[in-house]
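Next come the chains, spelled out residue by residue.
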Amino acid sequence: FLNNAYFSAKVGIGTESPLDELQIGNYTGSNSLSITSADGANYAELKLREFNNNYGITFKLDSNLDILNILYHNNSTSGQSAMAISRTTGNVGIGTTSPTHKLDVTGVVLGRSGLGVYNNGRIVNYNAGGSIKFLSSADITILNGGDNEYVRFVSSTGNVGIGTTTPGTKLH
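The text that follows walks through the structure, step by step, so that each part is easy to find. Since this is a predicted model, take the numbers as computed values, not measurements. (Residues numbered from 1 in each chain as written. Predicted model: local features only at pLDDT ≥ 70, side-chain atom pairs only at ≥ 80, totals over all residues. Heavy atoms only, no water.)

Digging into the overall build of the protein
Within the protein, the regular secondary structure consists of 0 helices and 16 strands. For the protein, the residues scored as buried account for 23% of the 172 residues in total. Long-range contacts, defined here as pairs at least 24 residues apart, represent 3% of the contacts in the protein between residues at least 6 apart. In the form shown here, the protein has an accessible surface area of approximately 11,600 Å², with 55% of it arising from carbon and sulfur atoms. (Helix = DSSP H or I, 4+ residues; strand = E, 2+ residues; numbered from the N terminus. Buried < 20%, exposed > 50% of the residue type's maximum accessible area, 1.4 Å probe, protein only. Contact = heavy atoms within 4.5 Å. Areas by Shrake-Rupley, 256 points an atom, 1.4 Å probe, with all protein chains shown as cover.)

A closer look at a nonpolar patch on the surface
Taken together, the side chains of Ile 94, Leu 103, Val 105, Val 109, Leu 115, Val 117, Ile 123, Ile 132, Phe 134, Ile 140, Ile 142 and Phe 153 make up a nonpolar region of the molecular surface, amounting to roughly 890 Å² of accessible area. The set of elements that each furnish at least two residues to the nonpolar patch consists of strand 9 (103–105), strand 11 (115–117), strand 13 (130–134) and strand 14 (140–143). As for its placement among the helices and strands, Phe 153 is situated in strand 15 (residues 149–153). Accessibility expressed as a relative area gives 32% for Phe 153, which makes it partly exposed. (Patch = residues over 30% accessible without salt bridge, like charges linked within 9 Å, V, L, I, M, F, W, Y side chains within 5 Å. Salt bridge = Lys/Arg side-chain N within 4 Å of Asp/Glu carboxyl O.)

Quick notes on the side chain of Arg 152
As for its position among the elements, Arg 152 is in strand 15. Assessed through its relative accessible area of 15%, Arg 152 is described here as buried. Side-chain polar atoms of Arg 152 contact the side chain of Glu 149, separated by 2.8 Å. Contact partners of Arg 152, with chain neighbours within four places excluded, come to Leu 135, Asp 139, Ile 140, Thr 141, Asn 159, Val 160, Gly 161, Thr 164, Thr 165 and Pro 167. (Polar contact = N/O pair within 3.5 Å; in protein donor to acceptor, adjacent residues only side chain to side chain.)

Some points on the environment of Arg 49
Within the element layout of this structure, Arg 49 appears in strand 4 (residues 43–49). Remark: the alpha-carbon pair of Arg 49 and Thr 77, spanning 28 residues in sequence, is separated by 9.6 Å. Beyond its immediate chain neighbours, meaning those up to four positions away, Arg 49 contacts Tyr 55, Gly 56, Ile 57, Thr 58, His 73 and Thr 77.

Focus: the pairing of strand 12 (residues 122–125)
Side chains Arg 122 and Val 124 of strand 12 all project onto a buried face; the interleaved residues Ile 123 and Asn 125 project onto a face where none is buried. By the bridge criterion, 3 bridges tie strand 11 to strand 12 in an arrangement that is antiparallel. The partner of Gly 116 across the bridge, within strand 12, is Val 124. Between strand 11 and strand 12, which pair antiparallel one after the other, the connecting turn spans 4 residues, and Gly 121 there sits at a positive phi close to 85°. (Pairing = 2+ DSSP bridges.)

Side note on the sheet that holds strand 13
Here 7 strands make up an open sheet; going across it, the order is 10-11-12-13-14-15-16 and the pairing antiparallel. Taken across any chain shown, the strands that pair with only one partner, and hence form the sheet edges, are strand 10 (109–111) and strand 16 (160–162). Each adjacent strand pair in this sheet contributes to an overall mean axis angle of 10°, direction not counted. Sheet analysis places strand 12 next to strand 13, joined by 4 bridges and oriented antiparallel. The residue of strand 13 that forms the bridge with Arg 122 is Lys 133. (Axes fitted to C-alpha atoms, helices over the stretch in contact; angles between N-to-C directions.)

Rendered as structure tokens:
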């Protein structure tokens, strides 16, 4: 097209009878913009990229992994997974392309209201400056804004220590 073009009917690319306003590929569906994989391909992609193809977002429906993967491109043509949604379970993964729960996050979660959950077993309240830490021994500690421990629950004995990390009685 050398000049502006207007289509009053449906437009198809790769199909002679499009079912949607703009249909790319050949399939049967409903009223929408549709992008389907090429014959024999195991994925379909929608790319929103800058002109040099190294920055942007890609939505990739991958039947090999059974996910919708949302990739971000920061000076990269291949991109990194930002979020994945399982087609069979609906589970959402952030930092993982294999979510096993409704929300499966790999890495640090930070609530802008001041709550942070870290992969080292610590829950932090940034507004109040304290934290709760779940230790590998199954003990639980309460700390102030730094790493000063105020309270410790020892799971093996049921003892609680205030100001001590080794309580010898039920309340020490």
